[in-house]
Amino acid sequence: MEASTQSVLRIGELELRFLVSDKGATVFEFVVPSRARVPAPYYHQEADETLYGLEGILTITVDGQKQELGAGDAVFIPRGSVHHHENLHDGVSRTLAVLTPGAIGRRYFDEIAEVINVPGRPDLAKATEVMLRHGLVPA
């Protein structure tokens, strides 16, 4: 099922296609081009994250342990675990991301996109403020 164009959000080089944004869960397809710039390590205060590989390989570091998520693989990241996602391989990586509960919803991603998608360097203090307000803590 294709997401409508209204549900697609770009944050820098990353693309998120929202399927569900509800208080119970936030579900989106996370598209990461090869060697794209990605957020620094962080953790969620109030949400668990489950990732399911759809295409390509996404390298995930959880609490210092790296693992590669390929098509058909899944990983669970409990709230409080410091994590980081990156595509170190050739080709695009597509992953289904599920945040439960939906404490980190579409609004967070819209707000962080406004901070990141600017000419020049983004204001990191502003990005940190948005993250903290939505329960994401930079590590």
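Residues numbered from 1 in each chain as written. Predicted model: local features only at pLDDT ≥ 70, side-chain atom pairs only at ≥ 80, totals over all residues. Heavy atoms only, no water.

Asker: Any chance you could explain the overall build of the protein chain here in plain terms?
Answerer: Per the secondary structure count, the protein chain includes two helices and eleven strands. When its helices and strands are written in sequence order, the protein chain yields β-β-β-β-β-β-β-β-β-β-α-α-β. Taken along the three principal axes of its C-alpha coordinates, the protein chain extends 35 × 30 × 30 Å. Residue burial in the protein chain is summarised as follows: out of 139 residues, 43% are buried. Here the analysis covers contacts within the protein chain between residues at least 6 apart in sequence; of these, 63% occur between residues at least 24 apart. (Helix = DSSP H or I, 4+ residues; strand = E, 2+ residues; numbered from the N terminus. Buried < 20%, exposed > 50% of the residue type's maximum accessible area, 1.4 Å probe, protein only. Contact = heavy atoms within 4.5 Å.)

Asker: So what exactly am I meant to see when it comes to the pattern of salt bridges here?
Answerer: Once their charged atoms are close, side chains differing in charge can pair, the charge on each being opposite to the other. Applying the stated criterion across every chain yields a total of twelve salt bridges. Note that Glu86 is salt-bridged to Lys66, the shortest N-O span being 3.5 Å. Residue Glu86 is found in strand β9 (residues 83-86), and its partner Lys66 is found in strand β7 (residues 65-69); the two are separated by 20 residues along the sequence. According to the relative accessible area criterion, Lys66 is exposed, its value standing at 54%. One salt bridge in this structure joins Glu129 and Arg133, with 2.7 Å as the shortest N-O distance. (Salt bridge = Lys/Arg side-chain N within 4 Å of Asp/Glu carboxyl O.)

Asker: What should I look at first to understand the packing of helix α1 (residues 106-116) against helix α2 (residues 124-133) in this one?
Answerer: For any two helices packed against each other, the geometry comes down to the angle between their axes and how far apart the axes lie. Put simply, α1 and α2 touch, their axes get as near as 9 Å, and they point 175° apart. By the criterion of interaxial angle, the relationship of α1 to α2 is roughly antiparallel. On the side of α1, the interface is formed by Tyr108, Glu111, Ile112 and Val115, while α2 contributes Lys126, Ala127, Val130, Met131 and Arg133. Class assignment for the residues of the contact of α1 with α2 results in six nonpolar, no polar and three charged. (Axes fitted to C-alpha atoms, helices over the stretch in contact; angles between N-to-C directions. Parallel < 35°, antiparallel > 145°, perpendicular 65-115°, else oblique. Nonpolar A, V, L, I, M, F, W, Y, C, P; charged D, E, K, R; others polar.)

Asker: What is the right way to look at the pairing of strand β5 (residues 48-55) in this model?
Answerer: If a strand is regular, its side chains alternate between the two faces of the sheet. The pairing of β5 with strand β10 (residues 93-100) spans seven bridges and is antiparallel. Note on β10: the bridge partner recorded for Thr50 is Val98. Taken together, the four bridges between β5 and strand β8 (residues 74-77) define a ladder with antiparallel strand orientation. Within β8, the residue paired with Thr50 across the bridge is Phe76. (Pairing = 2+ DSSP bridges.)

Asker: How do you make sense of α2 when you look at a structure like this?
Answerer: Because each turn of an α-helix spans 3.6 residues, side chains separated by three or four positions in sequence point in the same direction. For α2, the complete set of buried residues consists of Ala127, Val130 and Met131. For α2, the buried positions fall inside an angular range of 100° around the axis, keeping them on one side. Each element contacted by the buried residues of α2 is listed here: β4 (42-44), α1 and β11 (136-138). Looking one or two places after α2, you find Gly135, whose phi comes out positive at around 90°. (Arc of directions from axis to C-beta.)

Asker: Could you clarify how one ought to interpret the nonpolar core in this entry?
Answerer: The biggest cluster of nonpolar side chains holds 30 residues, and the ones touching the most others in it are Leu16, Phe28, Ile60, Tyr108 and Phe109. Where this core is concerned, the elements lending two or more residues are β1 (8-11), β2 (14-21), β3 (26-32), β6 (58-62), β8, β10, α1 and α2. Residue contributions to this core peak at five residues, all from α1. The contact partners of Leu16, leaving out residues within four places of it in the chain, are Ser7, Val8, Leu9, Ile11, Phe28, Glu29, Phe30 and Phe109. (Core = buried A, V, L, I, M, F, W, Y, C linked by side-chain atoms within 4.5 Å.)

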